[in-house]
Amino acid sequence: MQLSVRPGRGCTVLGVSGELDMATSPQLREGLRRLIDGGDRQVVVDLAEVGFMDSSALGALVVTFKALRELDGRLSLAAVQPAVRSVLRVTSVDRAIQVYDTVQAAEADMPPTDDAAGR
């Protein structure tokens, strides 16, 4: 699994590629924690290159969602592949965390911030 970070429009975009499972979810959780610790408050997770997600990765996303919500921030998921979308739907996580078809759609739905990094 690999992570990449880039500034988005009104947010920070975390690109994820590879499988999200017990072996890689700690890396995902740490990457998201670093963003929050660095001051990012609006984060879009780009899942276009993720074909598999298990419950441990789902837990990392839910923990981050709650942490950002407590800071008046927001976590969104974008470009979710069908197998991952199914996991989100079955667990009802898609009812709590907003899921977008594209990163651009997620960026367009971000509330305005004081700076482009979503801080």
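Rules of the game
- Residues numbered from 1 in each chain as written.
- Predicted model: local features only at pLDDT ≥ 70, side-chain atom pairs only at ≥ 80, totals over all residues.
- Heavy atoms only, no water.
- Helix = DSSP H or I, 4+ residues; strand = E, 2+ residues; numbered from the N terminus.
- Buried < 20%, exposed > 50% of the residue type's maximum accessible area, 1.4 Å probe, protein only.
- Pairing = 2+ DSSP bridges.
- Right-handed = clockwise from strand over helix to strand, strands pointing away.
- Polar contact = N/O pair within 3.5 Å; in protein donor to acceptor, adjacent residues only side chain to side chain.
- Contact = heavy atoms within 4.5 Å.
- Axes fitted to C-alpha atoms, helices over the stretch in contact; angles between N-to-C directions.

Let us look at unusual backbone geometry. One non-glycine residue, A79, lies in the positive phi region at around 55 degrees. Note on placement: A79 falls in the loop between β4 (74–78) and α3 (82–90). Positive phi outside glycine occurs at S92, with the angle close to 65 degrees. By the element assignment, S92 lies in the loop between α3 and β5 (98–100). The exposure class assigned to S92 is partly exposed, which follows from its relative accessible area of 32%.

In terms of burial, β4 is largely enclosed, as 4 of its 5 residues are buried. Of the strand pairs in this sheet, strand β3 (residues 42–49) and β4 are connected by 5 bridges, and their pairing is parallel. Residue pairing in the sheet places D46 in a bridge with A78 of β4. Where the polypeptide runs from β3 across helix α2 (residues 55–70) and back to β4, its parallel neighbour, the crossover connection is right-handed. When β4 meets β5, the two strands line up parallel, connected through 3 bridges. Residue pairing across strands places L77 opposite V99, the latter belonging to β5. Where the polypeptide runs from β4 across α3 and back to β5, its parallel neighbour, the crossover connection is right-handed.

Note on placement: D40 falls in the loop between α1 (25–37) and β3. A polar contact is formed between the side chain of D40 and the side chain of T12, at a distance of 2.6 Å.

Among the structural elements, G15 can be located in strand β2 (residues 12–17). Given a relative accessible area of 14%, G15 falls into the buried group. When the C-alpha atoms of G15 and A108 are compared, they prove to be 17 Å apart, with 93 residues separating the residues in sequence. Setting aside its immediate chain neighbours within four residues, G15 contacts Q2, L3, S4 and D46.

Turning our eyes to something else, we now look at the side chain of T64. In this fold, T64 is placed in helix α2. Take T64: its relative accessible area is 4%, and that puts it in the buried class. Residues in contact with T64, not counting those within four places in the same chain, are L32, I36 and L75.

Moving on: the sheet that holds β4. Two strands in a sheet stick together by hydrogen bonds in their backbones, pointing the same way (parallel) or opposite ways (antiparallel). Strand order in the open sheet made by the 5 strands is β1-β2-β3-β4-β5, with mixed pairing throughout. The sheet is open, and its two borders are formed by β1 (2–7) and β5, each paired with just one other strand. In this sheet, neighbouring strand axes are inclined to one another by 25 degrees on average, regardless of whether the strands run parallel or antiparallel. This element, α2, spans β3 and β4 of the sheet and lies at about 140 degrees to β4.

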